[in-house]
Amino acid sequence: MKFYSVLFTLILSVTCDVNNLKKPTIAVTILIRNKAHTLPYFLSQFSRLNYPKNRISLWIRSDNNIDNSIDVLNTWLKKHNKEYHSIDLILDDKSEGFSDEKGIADWSNNRFSHVIKYREEALNYARRIWADYIFMLDADVFLTNVDTLNMLILKNHTVVSPLLKSDGMYSNFWAGMTNDYYYERTHKYKPILNREIQGCHEVPMIHSAVLIDLRKLDSDYLTYKPEKLSSYDGPTDDIITFALGANSSGVTLHVCNDEIYGFLPVPIEAHETLEVDVQQLINLKIDILGQQKALWLEDVMKKYVNYPDKDTLGMDKIFMINLERRPERRDRMINCFQELGIEVEITNAVDGKKLNESLLDNWNIKMMPEYADPYHKRPMKMGEIGCFLSHYIIWNKVIENNYEKVMVLEDDVRFEPYFRNKVNWIMKDEIERLKIPWDIIYLGRKRMQEQDEPFVDGSKYLVHAGYSYWTLGYILSKSGAEKLINAKPLDKLIPVDEYFPILFDRHPRTNWKNHFSNRNLIALSASPLLVYPTHYTGESGYISDTEESIIINNNQNIKYEL
Ligand SMILES: *[C@@H]1O[C@H](CO)[C@@H](O)[C@H](O)[C@H]1NC(C)=O
Ligand SMILES: *[C@@H]1O[C@H](CO)[C@@H](O)[C@H](O)[C@H]1NC(C)=O
Ligand SMILES: *[C@@H]1O[C@H](CO)[C@@H](O)[C@H](O)[C@H]1NC(C)=O
C-alpha cells in the first residue's frame, strides 16, 4: 500500500510539472567584505534554498577584508562548489580598504565606486552567460524561506525583492524618496513592513536581495553606472543609481511581503564593531545552527567564529531550569549562552513524570483547595507541580548562598537582540542609579489583562507588573526569594505563575489571595520584554514582539511545558 502511494506521488510530481521544463537559470551574485561573523549562517541558509543548484551560477567577489571572510567562504566552497552549474570567483586577500575610508563601516566615495563597478560587472556577466535571472544578494541576508526564489519568479516582475525584516524599523525597501534621492519615511512604509497589506508593492527603492528577470526586454536598460544614464544628478551610490535608472526607463521596482521571506541586520554604524550583527540576529543564528549539522559549518565555527567572554551580567548566578529528558532544549540554550557570552548554571528540573503522591507527601505538599485552572477547570498537573518545585529549589539556593541577585531562565526561551546590553542597562542605569526598590523583575511573561502598567518613576524600560503568566525568565533579589519562601507556598500549592501575581497583589481572585497574608512582593517587568517563548515561530520568532501580541495569542497549552 505504502509503496504504491509513494509511486503514485512520484508519477504525480513528475506529471504535475505540466510543461516538463527545467527551472530558469539564475546567476546569483554575492559581494563579500568583512562578513566572517555572519557568513557561516548566510551560506548555510543559502545552501538550503529549494532551487536546483545546477541551474544556479555563482559570481562571487571578496576583497578588502580585515577578517576571515575568504577562509570561511573557501571552507564552504570546498564542500559545495561542484553542486552549482559554475562559479566565477575572485578572492583578493591583499587589498586593505580605500584611502578615503574612515573605518570599516564608512561608505566613502571610492568604496561606492568599487561596489558600482562590481555590480555592473555582475549584471553584464549574467547577460553574457544568458542567465534567465540575476539575483543580487548581499552576504548578510538570511533567507529563511527556502522557496524564496521559486516564489519571486512566479511574481513575473522585471525587478522584485522579498521583504526582509530587521530589528526595529529597518528593512530592504523604501516607500518614499526625497528630492535629492535619499530615504524618506512615508505613511506607506509601516503597512508594508508590518504586512498589514500583503502582496507585491511598487516602491521607489529595493536592495540587499534583488531578482531581475533578464528575459524581459525592459531589463536591458537597467544599470548601476551613473554614466550610462542620460541625465543623472543623484549621488554616487549603487542602489540609488539603479533605482533612478529603472524609474527613468519605465521599470517598476517591487517588494513582496505576501510571505515571510527572511531577515537582515541593521547596518552597523561607524562607531560600532562587527560583533553588533552577531547580537542582533541571535535567534536566527541559533536556529540555523540547530538545523544544520554540516561538517564545513562545524569546521568554520571552530576556527573562525569568536564568542564573547562569558560573565553573569552582574548577577551572583544565572540559573537555567532544564528537564534531563529534554537534551535538545538544553543544547539549544547552551548555544544561546555561548553567543550571548553568559555563564549559566544548569539545574535539573523536577520532572513531573517522576512525581507521585508519596513523593508529594514527603515534600509535605498540599494543594490550594480552591485552585482549578481557570480555563480547563482541572487540578494541578504533576508537570505544574514539578515546575513549581524547580523554581522553589532555586529560591532556596538564593537564601542558602546569600546571593544578592540571580537570574532564572527556563529552557524554551529566545532572547531579544542586544539582550546583554539591555539587561545591563536595566540593572545599572535604572535599578542602581535610580535606587529603585524591587524583588523580582520579569524578563519575559504573558500579560493577562489590559490594565495600566505604569512606568517606574524615572525609568524608561521598567514597568510595575500587572497580572501576568509564565516564568520564562526573571531576575530575583534576596528579599524576593525570602518573600517567596516565607509565604510557605507548598502548604497551598498553585502554579508558580499564579503564585507571583498573588504575592505582588495583582491577582484577580480574592479567594486565592486570601491564603497569603503578606502580598508585598515588588514586581517589575522589563518593557519591552527581553525573552520570549520559542513557541512563537515564524516571523516573530526572530525579532521583537510587542507585548500586545502576547496578550492576543492566548494559547494555554504552552503554559507548562517544562
Ligand atoms: C508575465 O509578464 C509578461 C509581461 O511582462 C506577460 O506578457 C506574461 O503574460 C506574464 N506571464 C504570466 C504567466 O503571467
Ligand atoms: C518614477 O518615479 C515617479 C516619481 O516618484 C513615479 O511617479 C513613477 O511612477 C515612477 N515610474 C516608475 C516606472 O516606477
Ligand atoms: C513514588 O516514586 C518514588 C521514586 O520514584 C518511588 O520510590 C515510590 O515507590 C513511588 N511511590 C508510589 C506510590 O508509586
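So, how was this worked out
Residues numbered from 1 in each chain as written. Chains lettered and ligands numbered in written order. Predicted model: local features only at pLDDT ≥ 70, side-chain atom pairs only at ≥ 80, totals over all residues. Heavy atoms only, no water. UniProt positions renumbered as here; feature names shortened; annotations may be inferred. Core = buried A, V, L, I, M, F, W, Y, C linked by side-chain atoms within 4.5 Å. Buried < 20%, exposed > 50% of the residue type's maximum accessible area, 1.4 Å probe, protein only. Contact = heavy atoms within 4.5 Å. Pairing = 2+ DSSP bridges. Helix = DSSP H or I, 4+ residues; strand = E, 2+ residues; numbered from the N terminus. Axes fitted to C-alpha atoms, helices over the stretch in contact; angles between N-to-C directions. 1 Å grid on protein atoms, 1.4 Å probe; cavity = no way out; pocket = protein on both sides within 12 Å on 5 of 7 lines; lining within 4 Å. Points joined across faces, edges and corners; volume = space filled by probe spheres on them. Nonpolar A, V, L, I, M, F, W, Y, C, P; charged D, E, K, R; others polar. Disulfide = S-S within 2.5 Å. Near = heavy atom within 4 Å. Polar contact = N/O pair within 3.5 Å; in protein donor to acceptor, adjacent residues only side chain to side chain. Arc of directions from axis to C-beta.

An unreviewed UniProt entry annotates the chain as Glycosyl transferase family 25 domain-containing protein of Aphidius gifuensis. Among the UniProt annotations of the chain, the heading Sequence similarities (unreviewed entry) holds the following wording: "Belongs to the glycosyltransferase 25 family."

Participant: Would you explain the nonpolar core in this entry?
Facilitator: In terms of nonpolar packing, the biggest core is built from 49 residues, with Val28, Trp76, Phe135 and Leu137 touching the most fellow members. Sequence-distant contacts of Phe135, defined by excluding residues within four places in its chain, comprise Ile26, Ala27, Val28, Thr29, Leu143, Leu149, Leu152, Ala209, Val210 and Leu211. Grouped together as the second largest cluster of nonpolar side chains are 44 residues, Met380, Tyr403, Ile494 and Phe516 included.

Participant: It is not clear to me how the sheet that holds strand E11 (residues 253-256) should be interpreted in this structure. Could you clarify?
Facilitator: What holds strands together in a sheet is hydrogen bonding between their backbones, with the strands either parallel or antiparallel. Ordered in space as E3-E2-E1-E4-E10-E5-E11-E8, the 8 strands form an open sheet in which the pairing is mixed. In this open sheet, the two edge strands, each paired with only one partner strand, are strand E3 (86-91) and strand E8 (200-203). Going across the sheet, the axis of each strand differs from the next one's by a mean of 20°, ignoring polarity. Two strands pair when backbone bridges link them, and strand E5 (residues 159-162) and strand E10 (residues 209-213) are joined in this way by 2 bridges, in the antiparallel orientation.

Participant: Help me understand empty space enclosed by the protein in this model?
Facilitator: Rolled over the atoms, a probe with the dimensions of a water molecule shows which regions are left empty. Tallied over the entire structure, the rule returns 4 cavities of 30 Å³ or more. What lines the second largest cavity is simply Arg119, Met136, Asp138, Ile206, His207, Ser208, Ala209, Val210, Tyr224, Ile239 and Phe242. Of all the elements in the fold, those that place two or more residues in the lining of the second largest cavity are strand E4 (133-138), E10 and helix H7 (238-248). Residues that form the lining of the second largest cavity fall into these classes: 7 nonpolar, 2 polar and 2 charged.

Participant: What should I look at first to understand the state of the cysteines in this one?
Facilitator: Here is the idea: a disulfide is a covalent bond, and it sits between the sulfur atoms of two cysteines. What the rule picks out here adds up to 1 disulfide. Across the disulfide, Cys200 is cross-linked to Cys256 (sulfur-sulfur distance 2.1 Å). Disulfide Cys200-Cys256: torsion about the S-S bond near 105°, hence right-handed. Pair noted here: Cys200 is in strand E8 and Cys256 is in strand E11, with a separation of 56 residues, a long-range link. Given the relative accessible area of 27%, Cys200 is considered partly exposed.

Participant: So what exactly am I meant to see when it comes to the site of ligand 2 here?
Facilitator: Neighbouring residues of ligand 2: Asn247, Gly250, Val251 and Thr252. Side-chain polar atom of Asn247 to an oxygen atom of ligand 2: 2.2 Å apart, as the coordinates give it. Taken together, the residues that form the shell around ligand 2 break down as 1 nonpolar, 3 polar and no charged.

Participant: Would you mind going over unusual backbone geometry with me for this structure?
Facilitator: Of all residues except glycine, most have a negative phi; of all peptide bonds, most are trans. Cis rather than trans, the peptide bond between Ser527 and Pro528 has omega equal to 0°. Residue position: Pro528 is located in the loop between strand E20 (523-526) and strand E21 (531-533). The phi torsion at Asn34 lies on the positive side, around 50°, for a residue other than glycine. Relative to the helices and strands, Asn34 resides in the loop between strand E1 (26-32) and helix H2 (39-47). Residue class for Asn34 comes out buried when judged on its relative accessible area of 3%.

Participant: Would you take a moment to explain helix H10 (residues 295-304) for this structure?
Facilitator: Three or four residues apart is the spacing at which side chains of an α-helix point the same way, because the helix has 3.6 residues per turn. Within the sequence span of H10, burial applies to Trp296, Leu297, Val300, Met301 and Tyr304. End-on view of H10: buried residues confined to an arc of 135°, all on one side of the axis. Across from the buried face of H10, at angles greater than 90 degrees, the exposed residues are Leu295, Lys302 and Lys303. Taken together, the buried residues of H10 touch H2, helix H3 (69-80) and helix H9 (282-291).

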